[in-house]
Every structure is written in structure tokens, then in C-alpha cells.
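# A look at the structure
Each chain, written out:
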Amino acid sequence: MKSVAVLLLLIFLSGCSSDFFRDTPVPSFEDNNFTDGTYTEITTSTRQDLLKIDGEFTLPILVFHHIDLPDQSITLADRTWYVTENKFERILDFIEKNGFVTYTITEIMGFLEKGFLPHNVVVITFDDGAADFYYNAWPILQKYNMKSTVNIMTGVNSRNYLSKENIKELYATGLVDFQSHGVYHSYLTRSSESEMRFELSNSKKMLENLLDKEVVVVAYPFGLYNDIVESVAKEIGYKAGLTIKGRSKQKNSDFFELHRTIVTENTDIKQLLLDINN
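The rules we used
- Residues numbered from 1 in each chain as written.
- Predicted model: local features only at pLDDT ≥ 70, side-chain atom pairs only at ≥ 80, totals over all residues.
- Heavy atoms only, no water.
- pLDDT = per-residue confidence, 0-100.
- Contact = heavy atoms within 4.5 Å.
- Salt bridge = Lys/Arg side-chain N within 4 Å of Asp/Glu carboxyl O.
- Helix = DSSP H or I, 4+ residues; strand = E, 2+ residues; numbered from the N terminus.
- Buried < 20%, exposed > 50% of the residue type's maximum accessible area, 1.4 Å probe, protein only.
- Axes fitted to C-alpha atoms, helices over the stretch in contact; angles between N-to-C directions.
- Parallel < 35°, antiparallel > 145°, perpendicular 65-115°, else oblique.
- Left-handed = near helix turned anticlockwise from the far one by under 90°.
- Nonpolar A, V, L, I, M, F, W, Y, C, P; charged D, E, K, R; others polar.
- Expected span 1.5 Å × (residues − 1).

## Description of the confidence of the model for the protein chain
Of all residues in the protein chain, 81% have pLDDT values of 70 or greater, and the mean over the chain is 85. Segment residues 1-40 is flagged for pLDDT under 50; beyond a separation of four residues in sequence, or across chains, it makes 83 contacts in the model. Counting contacts from residues 42-46, a segment whose pLDDT is below 50, to residues more than four positions away or on other chains yields 7 contacts.

In C-alpha cells, the structure reads:
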């Protein structure tokens, strides 16, 4: 129990943790399709295979950072963000064998805007856009033919992160979606409004120009946001925001507070995914 407590403390202190506040008004959505063609049209026949959402609903959204062995030189806190390839494959195998179906966050937004959600859905997301997604996570996702969403820091350029060529190649497969994670992973709640607009607007525009698609979701850096962040994000054109509150219960009244659960090497995926349906 002591080791578990220490791990949770390290997660909190390492930066990608929570400091969340407030209830928010119901967001207003336009009744139109996404421009990138991934919007899912819901007809009378398909509604029979969907769950109608009303008030609170269950939607497990997993978030990973690195699929790799952590370098021994990094701190114990930073190692928290690493999941081995073996663990990652066991998670995907569990998802497949237990009848869960993966969707991109863009596809999920298409359903949510219409008030429905597929049965047994799970969303796999990756924050930051580390290069190990391309070399380690992507081959395993391909093996299981599963979809994922990568939230990109568009201002970071190094061999440790996905290149523009990587992003375009992955997006062209139809299995990988890309959304915003800001430009430089700034603390939005500590930024001036002009800095906040720069982070939210420039990252959105860069990805939209690169992929010729609409970027509709922002994964808040460090999971931090407030009323001002949400208001500016709406004004710029986002339709949802992703937190890291560690919950699968979502509110139909607030798509700018979609909760995600951080997956670590010690996560019990069976408990996480099966218990929510009981």
C-alpha cells in the first residue's frame, strides 16, 4: 500500500495532474458535419445500435504518454508516464477480447453532438506526440486494427517527437486522429489571455493546415483549465476539452470537461474497463 501511495503522490507532483474548478454552462453546438469527412452520420436505423445519452453517461477515455522502456537516467516521477510495449499490447488484447470497440475522439464528438454513443466504446489517446508512438505504439495498434487520437504540441521540433511527415503518414491510414495539445504545453490557467489565445489558436491552425481537417478538441496541457480557458477555446472554434481527472463518467452538459484516465505500467485495465459497466 505504501508503494501505491508513493506512486499516486508522484503522479500528482510531476505536473500532469489536476487542479480543476467549476461548473460550466451547456455548450452550444452547430448542427453540421466535420470538414475532414470523419463525422459519423446517424440515421434512424443506426440509432437502434446506439445508446441515447442523457445527463450523465459512461465513456472511458484512456491517456498514454510514452510506449517504451524509461531511460534509467530520468526521475522516478517521469517514469510514471512510460508504459512498456508488452503492457500496451496486453491492454489492446484485453480490449479486443472483451468486445470493446475503439473510436477516434473526432468520431466520438460526431455521436455526442447527436445525443448518442456506441455500445462498449473506448477511446485511446496519447498526449504530447512522442516519437515512440510511431515506432512502438503504432505497430501494435495496427496489429489489432484499433483507432487512437494523438494530441500534439505543435511547437516542439526534435527527433524525440513526431515529425510533420510522421503525422501526415499516420493520419492518412484512417486509424490515427490528431488534435491539439497547445503549442508549447503551457500552463493555460497561468497564462495571459493573449498567450492563451496563441497556444489554442496556433496549434489548431497548424494541424488544420497540415492535415486539411478541422481540429475540434483540445487536450488541456497538465489537465488544467478554468472558465476563461474554456471560453477562449469555444470562441476559437473548439467543441470539446479533455481533462485528466481519472473518471469514466461524463456529463452531457459539458463536453469541455471530458474526463480521461492516465494509464501507467501498474494500471489494472480489467478493473478500469469492466467495473464501469457493473
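## Overview of the pattern of salt bridges
The tally for this structure, following the rule as stated, stands at 11 salt bridges. The salt bridge involving Arg-197 is made with Glu-235; its shortest N-O contact spans 3.0 Å. Here Arg-197 is found in helix α8 (residues 193-211), whereas its partner Glu-235 is found in helix α9 (residues 227-236), with 38 residues between them in sequence. In this structure Arg-197 comes out as partly exposed when scored by relative accessible area, which is 27%. The network of salt bridges with common partners includes Glu-193, Arg-197 and Glu-235.

## Describing the packing of α8 against α9
Taken N-terminus to C-terminus, the directions of α8 and α9 make an angle of 40°; their axes are 10 Å apart at the nearest point. The angle between α8 and α9 falls in the class oblique. The hand of the α8/α9 crossing is right-handed. Here Glu-193, Met-196, Arg-197, Leu-200, Ser-201 and Lys-204 of α8 lie close against α9, whose contacting residues are Ile-228, Val-229, Val-232, Ala-233, Glu-235 and Ile-236. Looking at the contact of α8 with α9 residue by residue, the class counts come to 7 nonpolar, 1 polar and 4 charged.

## Quick notes on α8
Working note: α-helix, 3.6 residues per turn, so residues spaced by three or four point in the same direction. Between its terminal C-alpha atoms α8 stretches 27 Å, which fits the 27 Å expected from 19 residues at 1.5 Å a residue. Tucked into the core, α8 has its buried residues touching β9 (148-152), α7 (164-172), β10 (176-180), β11 (217-219) and α9. The first or second residue beyond α8 is Asp-212, which carries a positive phi of 55°.

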